[in-house]
Amino acid sequence: MKIMVIGAGAVGLLTAFYFQKAQIDVTVVARRKVQAEKINREGIKLLSGDHQESVYPKAVPAEEIKSAEAEAAFVALKQTEFSSWVLWAKSHLDVTLPLVLLQNGEGHTEKLRDAGFTELIRAIVTHGAMRESDTAVRHTGKGKMTAEDTSIMHLLGKPFFKHADFPIQLSKNIKAEAERKFIVNVTVNPVTAVYGVRNGELLANESLLDKAYQLFTEAAGVLCLDESYWRDVLNVLDITADNCSSMLVDIQVGRRTEADALTGYVIAEAEKQKIAVPHTIEIHNQLKQLERRERID
Ligand SMILES: NC(=O)C1=CN([C@@H]2O[C@H](COP(=O)(O)OP(=O)(O)OC[C@H]3O[C@@H](n4cnc5c(N)ncnc54)[C@H](OP(=O)(O)O)[C@@H]3O)[C@@H](O)[C@H]2O)C=CC1
Ligand SMILES: CC(C)(CO)C(=O)C(=O)O
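The chain carries the name 2-dehydropantoate 2-reductase in an unreviewed UniProt entry, which gives Salisediminibacterium halotolerans as its organism. Among the UniProt annotations of the chain, the heading Function (unreviewed entry) holds the following wording: "Catalyzes the NADPH-dependent reduction of ketopantoate into pantoic acid." Per UniProt, the chain carries the Sequence similarities (unreviewed entry) text "Belongs to the ketopantoate reductase family."

Quick look at the structure:
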């Protein structure tokens, strides 16, 4: 099989590494030509604890793709880049190419559907990954990829169903899986980013946990989720206590955050349903202010 991995950041490099290692023909599509050239020279190095290993997929810059010679593409760029990427996708990819979407947050699937793409497969990633250089990725937390149960995912996922380090599982109810991840991200990420703390600090500090719970209650109201999802949030906080959330990292390095696809999505849905979400609006505005203050790109 041939796949493309579009976006050579943390999740893209991790996905490309494990697929190439499983002897699947991978083409990495990088935004920057210089990154594609480095991957072609040096391969992709995975770092996990003390273990290091390299694989050698092909890489091409996005500007040089004419049409996709692949059975599917894994899309691994952030929500912040999605709208402009959809314009690129419309002119470079066949609308029937199966696209496996690895993003946190909501709104991206609709953007692609509105652009005419027909084979959209959602996947939820619970791994932790950090890009250390243009060619090296650290696997910081072993989780899994849960993808919508489709025939192409049966083929693509097969080498990984029992994989020790990069397991893929299929779900007939990906909406529920996505909601479970969404409620964690919309609760944990904004509080850790605004207060500049690691995830575990929310468990240690009652006032921060209260703020997270207020966000949880508002998001759960909008998504019609029950209180049992709060246990998931506490569980993730416990398991990832030492992590800096992705949103905190974005603020620290001066990048735009994925707030629009998280708190922004809750605010938009609440407006449609005429539900008040004052705490979500307040923290969303704080995030936007922080983005303006810290932004370097
Ligand atoms: N990192 C993690 O542990 C996890 C991340 N996720 C989710 O996965 C998604 C990706 O996150 P992550 O990998 O961390 O993000 P990164 O910022 O590490 O990577 C995004 C990559 O997309 C590339 N890119 C941007 N625009 C384009 C474009 N038009 N064409 C091709 N490539 C492009 C960027 O290129 P450039 O380098 O040139 O900027 C960058 O390499 C996010 O939605 C995130 O929330 C989910 C679970 C865990
Ligand atoms: C689960 C959590 C909160 C781990 O840090 C995450 O997904 C993120 O940081 O985006």
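**A few points about the overall build of the chain**
Along its length, the chain carries 12 helices and 12 strands. In terms of overall dimensions, the chain is globule-like: its C-alpha atoms have a radius of gyration of 19 Å, near the 19 Å expected for 297 residues. Taken over 297 residues, the chain has a buried fraction of 51%. Put simply, of all contacts in the chain between residues at least 6 apart along the chain, 65% involve residues at least 24 apart. When the accessible surface of the chain is split by element, carbon and sulfur atoms take 49% of a total near 14100 Å².

**Considerations on helix α8 (residues 206-223)**
With 18 residues, α8 extends 25 Å from end C-alpha to end C-alpha; this agrees with the ideal 26 Å at 1.5 Å per step. Burial in α8 covers these residues: Leu-208, Ala-212, Leu-215, Phe-216, Glu-218, Ala-219, Ala-220, Val-222 and Leu-223. If you check the start of α8, you find a side-chain oxygen 3.0 Å away from the backbone N of Ser-207, and it comes from Asn-205. Cys-224 sits one or two positions beyond α8 and adopts a positive phi of about 60 degrees.

**Points about the packing of aromatic side chains**
In this structure the tally under the stated criterion is 12 aromatic pairs. Arranged with centres 6.3 Å apart and planes meeting at 80 degrees, the rings of Phe-19 and Phe-166 form a pair that is edge-to-face. Placement of Phe-19 in helix α1 (residues 10-21) and of Phe-166 in the loop between α5 (151-157) and β12 (168-171) is noted, with a sequence separation of 147 residues between them. On the accessibility criterion, Phe-166 (1% relative accessible area) is buried. Here the aromatic rings of Tyr-213 and Phe-216 are separated by 5.9 Å at their centres, their planes lie at 25 degrees, and the arrangement is stacked. Note that Tyr-213 and Phe-216 are positioned in helix α8 at a spacing of three residues, about one turn of the helix. By relative accessible area, Phe-216 is classed as buried at 1%. These aromatic residues form a ring-pair network of at least three members: Phe-17, Tyr-18, Phe-19, Phe-74, Phe-160 and Phe-166. Across from the ring centre of Tyr-229, 4.5 Å away, lies the NZ or CZ of Arg-180, which sits over that ring.

Criteria and cut-off values
Residues numbered from 1 in each chain as written. Chains lettered and ligands numbered in written order. Predicted model: local features only at pLDDT ≥ 70, side-chain atom pairs only at ≥ 80, totals over all residues. Heavy atoms only, no water. UniProt positions renumbered as here; feature names shortened; annotations may be inferred. Helix = DSSP H or I, 4+ residues; strand = E, 2+ residues; numbered from the N terminus. Rg over C-alpha atoms; globule rule 2.2 N^0.38 Å. Buried < 20%, exposed > 50% of the residue type's maximum accessible area, 1.4 Å probe, protein only. Contact = heavy atoms within 4.5 Å. Areas by Shrake-Rupley, 256 points an atom, 1.4 Å probe, with all protein chains shown as cover. Expected span 1.5 Å × (residues − 1). Polar contact = N/O pair within 3.5 Å; in protein donor to acceptor, adjacent residues only side chain to side chain. Phe/Tyr/Trp six-rings, centres within 6.5 Å; stacked < 30°, edge-to-face > 60°. Lys NZ or Arg CZ within 6 Å of the ring centre and 35° of its normal.

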